[in-house]
Structure formats: C-alpha cells, structure tokens
Amino acid sequence: MILVAGSANLDFVVQASHIPAPGETVLGRDFKTYPGGKGANQAIACARAGKAATQMLLALGDDPYSQPIEASLLAAGVQMHVVRVADQPTGTAFICVSDDAENAITVAPGANNALRPQHLPSLEGCNHLLLQLETPIDTVIAYARAARQRGVKVVLNAAPARALPAELLGLLDVLVVNKGELATVSAHEGSIEQCMERIDVPCIVVTLGDRGCCARVDGKVIMQDAFAVMPVDTTAAGDTFCGVLVAALDRGMTMAQALRWANAAGALACTRHGAQSSIPTHAELQTFLSQHP
C-alpha cells in the first residue's frame, strides 16, 4: 500500500503559440479544465500506471471545483481521505501550454494550505509515503516523521523547489528532483554529481527531461536513457514519473528497473494533453516497454 499525502487542484489550461513574456498578452486557443495537483497526479500514477494499492490524503474546498478531482481519483481506484475546508476554495492551477509542449504554471493553493499534521490517517499496512511541497512544510515534516517512526519508507518529490530543512532531509529514504530543483536543494550550481554529493539522503533520483534520469543509491550512480517520443504537453510528466517510481519500488523492483518503468511512464504522459488525463494505464505502459526492449 502507498499513501500519497499532498495537493489536489483543478487545472485551467490554455493552449497558445508561446508562453507570454512579462507584460505580454498572447491570444490563446483551446481552453479546458482538468483535475490536477502534484499529489493527486502522483496518486493516480501510482494506481493507474503503477497498478499499486493507493490511498490519498487531500484537502478540498466545499465547492464545485472539488467534484472533478474526487471523480478522477475514484475512477483510478484511489482510496481517499478528504479533509473538507469550508472557508477556502479548492486549489487551482492556471497553465499555459505552448506549441513546443513547454508550460508555465501558477498555483493558487487554497484548501491545500489547510492540511495539518493531525489529518494524517493510520499508516497501518503502508509501505511507502509519497510527499510533495504544495502543502505546508511543517505538515510535510510531521508526516515524514510519523512515517519514519512506523517504519514506512518516505519519498519526497521536492517540488515546487525550495531549500529543505535538515530535519526533513534526515527523514527521507528517497528524494526525487529535476535538475533545477536539485540545484536549489543542494544550494550548489555545479555538476549533477557534485550537487547530489551535497545532499545527505540514501537515494536521490534526478529527472533530466529528454536526457532521461539518474539516481545515486548508496554512493553508486545509475543512469536511464530517455525514451524517444513526440511531446505535446509535459504538464504531468514529472508527477507520472514519481508515482510509477514509487509503485515499482513498492512492488520490489530494483532501482534500475524502477527508473526504466518511471521514465517510460513519464514519456508516455508527454504525448497527451492535460495532467491526470495524460497518465497511461498499466497495460499501455507494459505495451510501450515491450516495444522498447
């Protein structure tokens, strides 16, 4: 069992020729709403693409924006622990996706900020706790501490990027970051290997976009090449990677095997629009991997 504790948002997505520069107005084209939020995206990736038994702790407003989020999680088979917040709206994200598949995202956390240490459900039967940084940092630390005390492995996707307290780093089993987040967490602008050496966590996984990903596990570096795809929207690729990575580790795969599955799932997510709508099924992921031996 995996417990994902974190954010859930309704995404407002507009397609445009390019992402606006400061002060620039761009005429967009298609507009759609999608269920999103790093926590909810990762929970669905665990359950749908990773085929893992998954629970999620999330906070939602008492408003219509919460309904598509709950429906999406339910459809993926995620068991929900919902904290209902009467005086805050459900979290929202405003996303511009350019024709070259890049995106710019602004998040209004809303109810996500109401998630508190006392909301953590029982960790009985859980092997992994997956966290992100779209909820209050004190809450993230409290959840990680509770998991460590119960022998549950703690995985943190340190996004959005910020400096991390030493206490939180000391509670982690796995840290997942992209290259920019790695520089922020390590407070260093050197090579990837130099940055990883500055972070005292047993396992660090770094996603590298079209260069694939790498991990440092007990001092050993493992590389995984990228899968060649034609991207249309990279919005939830990182979240899909995180969810499938944890699902693979929860199943007992080695880190090298887990990186391959996670990287393939993230690549597939880039070929579709939206956040949760882009996450592949387990069967689709198996087929893709069989075509890329």
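Structure: above.
Okay, so let's go over this structure. The structure presented is a predicted model; accordingly, all values stated were derived computationally and were not measured.

## Observations concerning the overall build of the chain
Scanning the chain from N- to C-terminus turns up nine helices and 13 strands. Taking 2.2 N^0.38 as the reference for a compact globule, 293 residues should give roughly 19 Å; the C-alpha atoms of the chain span a radius of gyration of 18 Å, in line with that estimate. Oriented by its inertia axes, the alpha-carbon framework of the chain measures out at about 50 × 45 × 40 Å. Carbon and sulfur atoms make up 52% of the accessible area of the chain, which amounts to about 12400 Å² in all.

## Brief notes about the nonpolar core
Buried together is how nonpolar side chains tend to be arranged in soluble globular proteins. Leu 73, Val 205, Leu 245, Met 255 and Leu 259 are the most contacted members of the largest nonpolar core, which totals 52 residues. Here this core takes nine residues from helix H8 (residues 255-269), the largest share from any one element. Filtering out sequence-adjacent residues up to four positions away, Leu 245 remains in contact with Val 176, Val 205, Met 255, Ala 258, Leu 259 and Ala 262.

## Comments concerning the sheet that holds strand S5 (residues 79-85)
An order of S5-S4-S1-S8-S9-S10-S11-S12-S13 is seen for the nine strands of this open sheet, with the pairing classed as mixed. Looking along the sheet, the strands with just one partner apiece sit at the ends: S5 and strand S13 (220-224). Taken pair by pair, the neighbouring strands of this sheet meet at an average axis angle of 15 degrees, ignoring direction. Pairing analysis gives three bridges linking strand S9 (residues 153-157) to strand S10 (residues 174-178), with the strands arranged parallel. Counterpart to Asn 157 in the pairing with S10 is Val 176. Packed on one face of the sheet, helix H7 (residues 237-250) meets strand S1 (2-5), strand S8 (128-131), S9, S10, strand S11 (203-207) and strand S12 (213-217) and runs near 170 degrees to S8. Helix-sheet contacts for H8 involve S11, S12 and S13, and the interaxial angle to S13 is about 30 degrees.

## Points about the pattern of salt bridges
Enumeration according to the criterion identifies six salt bridges in this entry. Asp 173 is the salt-bridge partner of Arg 148, the closest N and O atoms lying 3.8 Å from each other. With Arg 148 in helix H3 (residues 137-149) and Asp 173 in the loop between helix H4 (166-169) and S10, the pair connects residues that are 25 residues apart, well separated along the chain. Assessed through its relative accessible area of 17%, Asp 173 is described here as buried.

## Structural notes on the sheet that holds strand S7 (residues 103-108)
Overall, mixed pairing links the four strands, which are arranged S3-S2-S6-S7 in an open sheet. The open sheet is flanked by strand S3 (31-36) and S7, the only strands paired with a single partner. Each adjacent strand pair in this sheet contributes to an overall mean axis angle of 20 degrees, direction not counted.

## Description of the packing of H7 against H8
Where H7 contacts H8, the two axes come as close as 8 Å, and the packing angle between them is 150 degrees. When the interaxial angle is binned, H7 and H8 end up roughly antiparallel. Considering only the axes of H7 and H8, their crossing is right-handed. Residue-level contacts link Ala 237, Thr 240, Phe 241, Val 244, Leu 245, Ala 248 and Leu 249 of H7 to Met 255, Ala 258, Leu 259, Trp 261, Ala 262, Asn 263, Ala 265, Gly 266 and Ala 269 of H8.

## Here's the deal with helix H9 (residues 282-290)
Among the residues making up H9, those that are buried are His 282, Leu 285, Phe 288 and Leu 289. Seen from one end, H9 has its buried residues packed into an arc of 125 degrees, which puts them on one side. As for H9, its buried residues are in contact with helix H1 (38-49), H7 and H8.

Rules used throughout
Residues numbered from 1 in each chain as written. Predicted model: local features only at pLDDT ≥ 70, side-chain atom pairs only at ≥ 80, totals over all residues. Heavy atoms only, no water. Helix = DSSP H or I, 4+ residues; strand = E, 2+ residues; numbered from the N terminus. Rg over C-alpha atoms; globule rule 2.2 N^0.38 Å. Areas by Shrake-Rupley, 256 points an atom, 1.4 Å probe, with all protein chains shown as cover. Core = buried A, V, L, I, M, F, W, Y, C linked by side-chain atoms within 4.5 Å. Buried < 20%, exposed > 50% of the residue type's maximum accessible area, 1.4 Å probe, protein only. Contact = heavy atoms within 4.5 Å. Pairing = 2+ DSSP bridges. Axes fitted to C-alpha atoms, helices over the stretch in contact; angles between N-to-C directions. Salt bridge = Lys/Arg side-chain N within 4 Å of Asp/Glu carboxyl O. Parallel < 35°, antiparallel > 145°, perpendicular 65-115°, else oblique. Left-handed = near helix turned anticlockwise from the far one by under 90°. Arc of directions from axis to C-beta.

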